[in-house]
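# Analysis of the macromolecular model
One-letter residues, chain by chain:
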Amino acid sequence: MEYNFREVEKKWQHYWAKKKTFKAENKSNKPKYYALDMFPYPSGAGLHVGHPLGYIASDIFARYKRLKGFNVLHPMGYDSFGLATEQYAIQTGQHPEITTKTNIARYREQLDKIGFSFDWDREVRTSNPDYYKWTQWIFIQLFNSWYNPETNKAENISTLIEKFCIGNLTCGEDRGEGWGDLNEMQQSDLLLEYRLAYLSNTMVNWCPQLGTVLANEEVKEGVSERGGYPVERKLMKQWSLRITAYADRLLSDLEGLDWTDSIKEAQRNWIGKSEGTSFKFKIQESDDTIEVFTTRPDTIFGVSFITLAPEHELVEKITTAEQIKVVKEYVMFAKNRSERDRMSDVKKITGVFTGGYVLHPFTGKQIPVWIGDYVLAGYGTGAVMAVPGHDTRDYAFAKHFGLDIIEVVAGGDLSKESYDAKDGKLMNSDFLNGLDVKDAIKKAIAIIEEKGLGKGKTNFRLRDAVFGRQRYWGEPIPVYYENGIPKVLDEKELPLLLPDVDKYLPTETGEPPLARATNWKYKGQFEYENSTMPGWAGSSWYFLRYMDAHNKNTFASKEAINYWQNVDLYIGGAEHSTGHLLYVRFWTKFLNDLGLLPFTEPAKKLINQGMILGRSLFFTRIESDSNTSTKHQIIISCDDFPKYYEPISNTFIGEYTKWHCPVEFADEKDRFYKKNLAALVDVYPMFKDIIAKETFIVNWKQDDKGEDYLLLKSEVEKMSKSKYNVVTPDIIIEQQGADCLRLYEMFLGPLELSKPWSTIGISGVSNFIRKLWRLYHNGGVFNVSTEAATKEELKTLHKTIKKIVHDIENFSFNTSVSNFMICVNELTEQKCNKREILEPLSIIIAPYAPHLAEELWFKLGHTDSVTYAQFPAHKEEYLVNDAFAYPVSFNGKTRFKMELPLTLGIKEIEHAAMDFEEVKKFLEGKSPKKIIVVHNKIINIVV
RNA sequence: GCCCAGUUGGCGGAAUUGGUAGACGCGCUGGUCUCAAACACCAGUAGGAAACUGUGCCGGUUCGACUCCGGCACUGGGUACCA
């Protein structure tokens, strides 16, 4: 009887669920291990073959750790608030909650079929009120906290009020009076400038099509990450989180983390720390000053103009009467440019002269003040001292407008380009002349500080995170407004439930959907905040909830947190490197500041699995003749391209276009058969429009059986529903089994590498499974002997154990599958069916192919699950060789092998080599210059 | 532009971290079994007739380089006027 994976896999999945095999206890004598996956957003498309890649890896590791005697927490849940579900709700009117439930059910079914060892009793869903109650609770803590720079941590807002009361802190230049003199509104406004969750007028990324603001990392190249809609800058009153308070700690704590360098580097770049100096230029004939930020104070004598951001507050003040018209026009132009426009013509230089001047602090010279949109309002002071000689952007601006370029650092050729390198001697720079750049920076700062012109300052690129979304399907922000003053709900009043609305669209007046909720008022009278939290809110702390998923009194009990600590292994996609991973680190540090967590980082080790790419297939079409009234759409096979191709002009005759063919309609040779046309149109109605047209001609080809087909063009791209290239794991599980899928996904290559999905090699893995099964069977009957194993058999087993342990601990799952194959090949060769070998083998393969392992374990006579067996240790004694076939090389080129006992010393090996016939032959009578012998490795003879 | 990762047979990929390049698997070729196919099994498979040549390209260090160093090219990902 061959291995019946369908029956076996079902049987054990049932067993695990019934016996709660993977239930993790919050108390145990065993050491703990927390293996976490980034939880999925349950979309309507279901799980595709890319999702399980990381899940399989972490599952193997979790199962391995159980076998090694650890108490393992390996949970799974759903990031179930989000835009896609809401867009679907808008289109169909179906409540997002229903869509979410359906999608989750489908995900769960798919996950179960792969045989993961999740403790499902701990499942979390971010859209469940039981869960988002605590997301809201954390928001309230953020609102009630400020960041004390003296203690370098978050503290309750009361300690700030105290400082105001005793006058240690002033209430701000424009307020002047003491805390007690401020009215309630003024006090509220003042505190909002310090709270970690705060309301303010900020420049936000507004996406009109989505009807909401977006965080910086949700905007890619000027369009929204989801949907690809244009984004513009807009000043809006918004909730934000003061992540910038943690910028320095987020940066410095990266050091101790076992994360990949590329992720750490991405975070460093995103945080963007830059150290420099800020100092003031006095405006001519005015008491006002313009403050600039620079990292190159050494180039102070190279300043030939000042550039302000169009939004800079002094623009109006400094502009002269003659210039007022052009300046106003320019500011309007800059404001109305969308983000994408601005980004797409970065090289286009725009700006205007204000007519105003500032005075150089050292030379007293007049310096013109310009406005340019290459200066960002949100960074530094929104003003730069332009040093065209030594800054590329300033140089371009100066060249474009014909402004002076002064050389102050020797070493470049300023007629061609600016010289930005921090290398060379200062010139034309008064007291800095002759100094190296490094020393000049020091001296310049010293003198600027001495003269009281400015001081050293650190800037971050990181912006505070906009936290409100003008959308429905998210956590309501637990805030109400009393006389226009924002106040948070009492903890006892949580959760603030998401109200029902008649439509999931903004109101006629442009208010967010929550404004549609009728009778939704705090205590029946105060307006609630009607924006909701962003998608990343719930995922910023979910790893904590798994520790104690059903706790009604707190987000997770102290005992649970103290036992589980932070995540030992976190696996997920690299696309979350600057979004999710920064926020979850931020929240962890914040909760640590409040004394609620005993650790400051969420995850000790992080691995990014590579993306599994899809292989898209395309119909290719040539539009025959664009001049005649009837255009013929000729669909051709891609290997017919040359017939329609004009090699001289490098173009197709007529217009060439392509469109996706759903991959499941093609055979393994990328052929689409005419007989499937009706089915294609049936499943994908959009093809009807294209194919049904009368002007549509298909150049079918014929295979050897005379059947009509088209050869499709293939390309590798991201797997997505819209590209018709999604492959779900379901078919593979149905045809080859879950263990096969698990092994195959690991066998594809290193976990971190991106690779296109292809099932071409899967038969090798499925053969391996059958071969392994056959070791334990003879003619279909279970047949394992108790005879003692031979030396060779023991060597095969122990060699394999050693390699597998090494591979797992280095997350090299692809090579461990190879090693299992080698092991099974050797044991088959040895005709081994000894229990002494096969029983340990069934344990070490259990993390990879758990269903198969359980079945073999059961057949070996065990009554409990293999999950908690003991992982065998390898014994070196079985691995010792007594001889080694030394490769003998001449000048580094390997020529032949020579078997010698390992007991021989270096000198003896040398002698043995010189006596060897083949060596003599290669030496041709010459004597060698040198012989290099590396014990157990190589013999190299230099001639 | 900048940052990161990568480049090895027809293909996915190995190489104990400086010591036999191409493990393992796919594919392909030939064979056994079969009326035939599937499955399974056996043999071969970097290129070259060979000497030899071969890990993206050029150079270096070394007895010895896929591995280390310098320079370059290409591919993929991230980021974008951050002063």
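The text that follows walks through the structure, step by step, so that each part is easy to find. Everything quoted here is computed from the prediction, not taken from an experiment.

Reading the values: rules and limits
- Residues numbered from 1 in each chain as written.
- Chains lettered and ligands numbered in written order.
- Predicted model: local features only at pLDDT ≥ 70, side-chain atom pairs only at ≥ 80, totals over all residues.
- Heavy atoms only, no water.
- Helix = DSSP H or I, 4+ residues; strand = E, 2+ residues; numbered from the N terminus.
- Buried < 20%, exposed > 50% of the residue type's maximum accessible area, 1.4 Å probe, protein only.
- Contact = heavy atoms within 4.5 Å.
- Areas by Shrake-Rupley, 256 points an atom, 1.4 Å probe, with all protein chains shown as cover.
- Lys, Arg positive; Asp, Glu negative; His and termini not counted.
- Charge placed at Lys NZ, Arg CZ, Asp CG, Glu CD.
- Pairing = 2+ DSSP bridges.
- Axes fitted to C-alpha atoms, helices over the stretch in contact; angles between N-to-C directions.
- Disulfide = S-S within 2.5 Å.
- Salt bridge = Lys/Arg side-chain N within 4 Å of Asp/Glu carboxyl O.
- Arc of directions from axis to C-beta.
- Near = heavy atom within 4 Å.
- Polar contact = N/O pair within 3.5 Å; in protein donor to acceptor, adjacent residues only side chain to side chain.
- Nonpolar A, V, L, I, M, F, W, Y, C, P; charged D, E, K, R; others polar.
- Parallel < 35°, antiparallel > 145°, perpendicular 65-115°, else oblique.
- Core = buried A, V, L, I, M, F, W, Y, C linked by side-chain atoms within 4.5 Å.
- Domains from an automatic or database assignment.
- Phe/Tyr/Trp six-rings, centres within 6.5 Å; stacked < 30°, edge-to-face > 60°.
- Patch = residues over 30% accessible without salt bridge, like charges linked within 9 Å, V, L, I, M, F, W, Y side chains within 5 Å.

A few words on the overall build of chain A. Looking only at helices and strands, chain A has 29 helices and 40 strands in total. With respect to the principal axes defined by its C-alpha atoms, chain A has extents near 100 × 85 × 80 Å. In chain A, buried positions account for 53% of the 943 residues. Considering only contacts within chain A whose residues lie at least 6 apart along the sequence, 71% involve residues at least 24 apart. Just so you have it, chain A exposes about 44,100 Å², and 50% of that area is on carbon and sulfur atoms. In chain A, the 118 positive side-chain charges and the 128 negative ones have mean positions that sit 3 Å from each other.

Now for the sheet that holds strand β23 (residues 603-609). Spatial strand order, β2-β1-β22-β23: 4 strands in an open sheet with parallel pairing. Edge positions in the sheet fall to β2 (71-73) and β23, since each has one partner strand and no second. Averaged over all pairs of adjacent strands, the angle between their axes in this sheet comes to 20°, without regard to strand direction. Judged from the 3 bridges that link them, strand β1 (residues 32-37) and β2 form a sheet pairing that is parallel. Each bridged residue has a counterpart across the sheet, and for Tyr33 the counterpart in β2 is Val72.

Glancing now at the state of the cysteines. Tallied over the entire structure, the rule returns 0 disulfides. This cysteine, Cys832, is not joined by any disulfide, and Cys823 carries the nearest cysteine sulfur, 8.8 Å off. Overall, the relative accessible area of 2% leaves Cys832 in the buried class.

Now for the pattern of salt bridges. Proximity of charged atoms lets side chains of opposite charge pair with each other. Evaluated as defined, the whole model comprises 38 salt bridges. Here Asp436 ties to Lys425 by a salt bridge, and the two come within 3.0 Å at their closest N and O atoms. Of this pair, Asp436 sits in the loop between α13 (392-401) and α14 (437-450) while Lys425 sits in the loop between α13 and α14, and the two are 11 residues apart along the sequence. Taking relative accessible area as the criterion, Asp436 reaches 35% and is therefore assigned partly exposed. Ionic pairing is found between Lys589 and Glu601, a salt bridge with its closest N-O pair at 2.8 Å. Within this pair, whereas Lys589 is found in helix α18 (residues 580-593), its partner Glu601 is found in the loop between α18 and β23, the two being separated by 12 residues in sequence.

When helix α3 (residues 83-92) is considered as a whole, its buried residues turn out to be Leu83, Thr85, Glu86 and Ala89. The arc that holds every buried residue of α3, seen down its axis, measures 160°, which confines them to one face. Its buried side turned inward, α3 meets α4 (96-114). The positive-phi residue at the C-terminal boundary of α3 is Gly93, with phi of around 80°.

A few words on the protein's contact with RNA strand B. By nearness alone, 48 residues border RNA strand B, and Thr295, Tyr379, Arg393, Leu748 and Asn940 come closest of all. Put simply, 65% of the atoms of RNA strand B that lie within 4 Å of the protein are in sugar or phosphate. Between RNA strand B and Ser274 there is a distance of 3.4 Å, counted from a phosphate oxygen to a side-chain nitrogen or oxygen. In the model, a sugar or linking oxygen of RNA strand B is placed 2.9 Å from a nitrogen or oxygen of the Tyr374 main chain. Where the surface near RNA strand B is concerned, the elements lending two or more residues are α9 (261-271), β11 (289-294), α23 (762-775), α25 (813-829), β38 (893-901), β39 (930-934) and β40 (938-942). Here the surface near RNA strand B is built from residues that sort into 20 nonpolar, 16 polar and 12 charged.

Close contact between α23 and helix α27 (residues 850-859) brings their axes to 11 Å; oriented N to C, the two are set at 5°. Looking at the two axes, α23 sits roughly parallel to α27. Contacts between α23 and α27 involve Ile769, Leu772 and Trp773 from the first element and Leu852, Glu855, Leu856 and Lys859 from the second. For the contact of α23 with α27, the residue count by class is 5 nonpolar, no polar and 2 charged.

Moving on: the nonpolar core. Core analysis: the biggest nonpolar cluster contains 176 residues, and Phe813 and Leu841 have the highest contact counts within it. The residue makeup of this core includes at least three contributed by each of domain 1 (137-246 + 464-528) and domain 4 (759-878). Once residues lying within four places of it in the same chain are set aside, the contact partners of Phe813 are Ala57, Ile60, Phe61, Met746, Leu751, Ile808 and Tyr848.

Let us now look at the sheet that holds strand β18 (residues 479-482). On the basis of which strands lie adjacent, the open sheet formed by 4 strands has the order β19-β18-β21-β20 and antiparallel pairing. Every other strand in the sheet has two partners, leaving β19 (485-488) and β20 (521-522) as the edge strands with one partner each. For β18 and β19, the ladder comprises 4 bridges, and the chain directions are antiparallel. By the bridge assignment, Tyr481 is partnered in β19 with Pro486.

In total, this model carries 61 aromatic pairs according to the counting rule given. Ring plane angle 55° and centroid distance 4.8 Å describe the contact between Phe397 and Phe401, whose orientation is recorded as tilted. With Phe397 and Phe401 both in helix α13 and 4 residues apart, the pair spans about one turn of that helix. The rings of Tyr33, Phe61, Tyr64, Phe70, Phe811, Phe813, Phe820, Tyr848 and Phe871 are connected pair by pair, giving a single aromatic cluster.

We now examine the environment of Glu855. Counting through the fold element by element, Glu855 comes out in helix α27. Owing to a relative accessible area of 8%, Glu855 belongs among the buried residues under this scheme. The spacing of Glu855 and Gly69 is 786 residues in sequence and 21 Å in space, taken between C-alpha atoms. If we ignore the near neighbours within four places in the chain, the residues touching Glu855 are Val8, Lys11, Trp12 and Trp773.

Turning to helix α21 (residues 729-736), a few remarks are in order. For α21, every residue scored as buried is listed here: Pro729, Asp730, Ile732 and Ile733. On an axial view of α21, the arc spanned by its buried residues comes to 170°, and they lie on one face. Structural note: α21 exposes Ile731 and Gln735 on the side pointing more than 90 degrees away from its buried face. Those residues of α21 hidden inside the fold are in contact with α1 (5-19), α2 (51-67), α4, α22 (738-747) and α23.

Further remarks concern the side chain of Arg471. Within the secondary structure layout, Arg471 lies in the loop between β17 (465-466) and β18. For Arg471, a relative accessible area of 5% corresponds to the buried category. Here the side chain of Arg471 touches Glu86 through a polar contact of 3.3 Å, side chain to side chain. Setting aside residues no more than four positions away along its own chain, Arg471 makes contact with Leu83, Glu86, Gln87, Ile90, Leu210, Thr212, Pro513 and Thr532.

The next subject is a nonpolar patch on the surface. Together, Ile932, Val934 and Ile938 make up a nonpolar patch on the protein surface, roughly 190 Å² of accessible area in all. If you trace the backbone, Val934 turns up in strand β39.

This part takes up the environment of Phe590. Here Phe590 shows up in helix α18. Classification of Phe590 by relative accessible area gives buried; the value is 0%. For the pair Phe590 and Thr600, spaced 10 residues apart in sequence, the C-alpha separation works out to 8.4 Å. Other than its neighbours up to four places away in sequence, Phe590 contacts Ile138, Gln141, Leu142, Ser145, Ala154, Leu196 and Tyr246.

We now examine the environment of Lys19. Summarising the element assignment, Lys19 is placed in helix α1. For the pair formed by Lys19 and Ser865, sequence separation is 846 residues and the distance between their alpha carbons is 9.6 Å.

You can see Arg63 is positioned in helix α2. Overall, the relative accessible area of 5% leaves Arg63 in the buried class. Within the local environment of Arg63, its side chain forms a polar contact with the backbone oxygen of Gly115, the two atoms lying 3.0 Å apart. Here Arg63 is in contact with Trp16, Phe22, Gly115, Phe116, Ser117, Arg742, Ala846, Pro847, Pro850 and Thr867, once residues within four sequence places are set aside.

Keep in mind that these numbers describe shape and distance, not what the molecule does.
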